[in-house]
Protein chains: 2
Amino acid sequence: MDTENRIVLAMAELLRVQGYAATGINQLVRAADAPTGSIYHHFKGGKREVAAAALRQTGAAYIQLLPLLLDPHEDLATGIEAAFVAAGEQMRDTGWMNMCPVGTVTAEIADTEPALREVAAEVMASWVEQGSAYLVGRGLPEATARSVIHALLGALEGAFLLARGLRSVEPFVAAGRAQAAYVTSLSGSSRQVLA
Amino acid sequence: MDTENRIVLAMAELLRVQGYAATGINQLVRAADAPTGSIYHHFKGGKREVAAAALRQTGAAYIQLLPLLLDPHEDLATGIEAAFVAAGEQMRDTGWMNMCPVGTVTAEIADTEPALREVAAEVMASWVEQGSAYLVGRGLPEATARSVIHALLGALEGAFLLARGLRSVEPFVAAGRAQAAYVTSLSGSSRQVLA
DNA sequence: CCTTCGCTAGAACGCTCTCTCTAGAGAGAC
DNA sequence: GTCTCTCTAGAGAGAGCGTTCTAGCGAAGG
């Protein structure tokens, strides 16, 4: 793998685990096994630009998990519940590391690093776009799909946060149950969001 | 107000806005208008101990909002939906600052500051405890209440995160709608979680 | 062969960080 | 008064930060 990619991947991993401010260039140098000079050669914007690249790359990768996890289930609600449980178990099995650098970073830099916050917003917006397109494909009306994907993404990021603090899969199980019930209620007796 | 309290409050505010790693002692000194010496006099553990106190204090304060926001509504689901919308509007009106230091901090320090992570876990556990007690008081069975409060807290923290990145109230509206539908489904036709 | 150029390499700079240390102000006990 | 003790006050140490800079390696082109 080339150096540039190693740098981005190492940065993504560090952001995921400890956020932006706590991640130093020296640490990145060690993790990516690349000299300081190379980092500034490939990313003239320095630490900030490497972080932006890492957020974009992992953001694009993560949303592809949506169809991967939900396609196998004919019933959307069942698939969602299973996906949340799976995410929780994976988190537990990897020592409660947060699985989403975008989530880890957004909170801490939103008011101190405007450029990075915009990158995070861009990534999240693309999640909403692609996610709601997928849900439309699964039979939800456009407006409903947008609302559901917002709720799903929020519940997922929130579950990561709680699980990371509590070191328990319970937030994932509960979130999956709630989102499944919500989605079920949409196609059930009342279709109030459809209008 | 005495110095010790000023320090804790200033730290809570800084954590809320920019997280733990990005918050420096000098910044805290300026914000709390207290000399460096005083900080280390009151908190021998330094920055870490101040942060722990701030997390505990705001954690205790925040859970008290639950009855405050939900008591006025006879229907639990309606109250939840309204509370989410209100939280979103307040966040928008305060310039999209995250309203929860615990959430802002947990992700970034979970793997680098074990002592603080434990404090965050303590705070979150007390939220679950007090929150589920409240929901039991509102008529939910014990096990259901625990699951619901996990889902609610997760959805709330997740909505903060998304809203902070996207600078939009849409995550709050969507989360409120989803959680309301979930709670309604519990007392509706099917009581599957009750067993 | 030699030149060019993308990239590696890491020393060094100026700055900021957390924390320690010494000095003294101010209130209360006697 | 004066002794005591809590707390204020901020300069300074030592480490680490992000970034810049110069030097040179090694493959491609002529």
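Look a little higher up for the structure.
Residues numbered from 1 in each chain as written. Chains lettered and ligands numbered in written order. Predicted model: local features only at pLDDT ≥ 70, side-chain atom pairs only at ≥ 80, totals over all residues.

This next bit is on the protein's contact with DNA strand C. Looking at DNA strand C, there are 15 residues lining it, with Thr3, Gly37 and Ser38 of chain A together with Gly24 and Gly46 of chain B nearest. For the surface near DNA strand C, the secondary-structure elements that each account for two or more residues are α3 (36-42) of chain A together with α2 (25-32) and α3 (36-42) of chain B. Broken down by element, the residue count for the surface near DNA strand C peaks at four residues, all from α3 of chain A. The residue inventory of the surface near DNA strand C, partitioned by class, reads three nonpolar, 11 polar and one charged. (Near = placed C-beta within 6 Å. Helix = DSSP H or I, 4+ residues; strand = E, 2+ residues; numbered from the N terminus. Nonpolar A, V, L, I, M, F, W, Y, C, P; charged D, E, K, R; others polar.)

This part covers the relation of the copies chain B and chain A. Both copies of the chain are related by one operation, a rotation about an axis with a shift along it. Mapping chain B onto chain A leaves a residual RMSD of 0.0 Å; the transformation is a rotation of 180 degrees accompanied by 0.0 Å of translation along its axis. A rotation of that kind, with that shift, is consistent with a two-fold axis. Residue glycine 158 of chain B, judged by its C-alpha, is the member of chain B lying nearest the rotation axis, at 1.9 Å. Mapped onto chain A, 100% of the interface residues of chain B are again interface residues, and the two copies thus contact each other with one and the same surface. (Least-squares fit on C-alpha atoms with pLDDT ≥ 70 in both. Contact = placed C-beta atoms within 7 Å.)

To continue, consider the packing of helix α6 (residues 76-93) of chain B against helix α10 (residues 170-187) of chain B. What describes two packed helices is the angle between their axes and the distance between those same axes. All names here are of chain B. Here α6 crosses α10 at 170 degrees, and the two axes come no closer than 8 Å. Here α10 runs roughly antiparallel to α6, going by the angle between their axes. Like other packed secondary-structure pairs, α6 and α10 cross with a definite hand, here right-handed. Here Leu76, Ala77, Thr78, Ile80, Glu81, Phe84, Val85, Ala87 and Gly88 of α6 lie close against α10, whose contacting residues are Phe172, Val173, Ala175, Gly176, Arg177, Gln179, Ala180, Val183 and Thr184. Among the residues forming the contact of α6 with α10, the class breakdown is 11 nonpolar, five polar and two charged. (Axes fitted to C-alpha atoms, helices over the stretch in contact; angles between N-to-C directions. Parallel < 35°, antiparallel > 145°, perpendicular 65-115°, else oblique. Left-handed = near helix turned anticlockwise from the far one by under 90°.)

Moving on to the protein's contact with DNA strand D. The environment of DNA strand D is made up of 16 residues, and the closest members are Gly24 and Gly46 of chain A together with Thr3, Gly37 and Ser38 of chain B. Those elements giving two or more residues to the surface near DNA strand D turn out to be α2 (25-32), α3 and α4 (47-63) of chain A together with α3 of chain B. Broken down by class, the residue content of the surface near DNA strand D amounts to three nonpolar, 11 polar and two charged.

Keep in mind that these numbers describe shape and distance, not what the molecule does.
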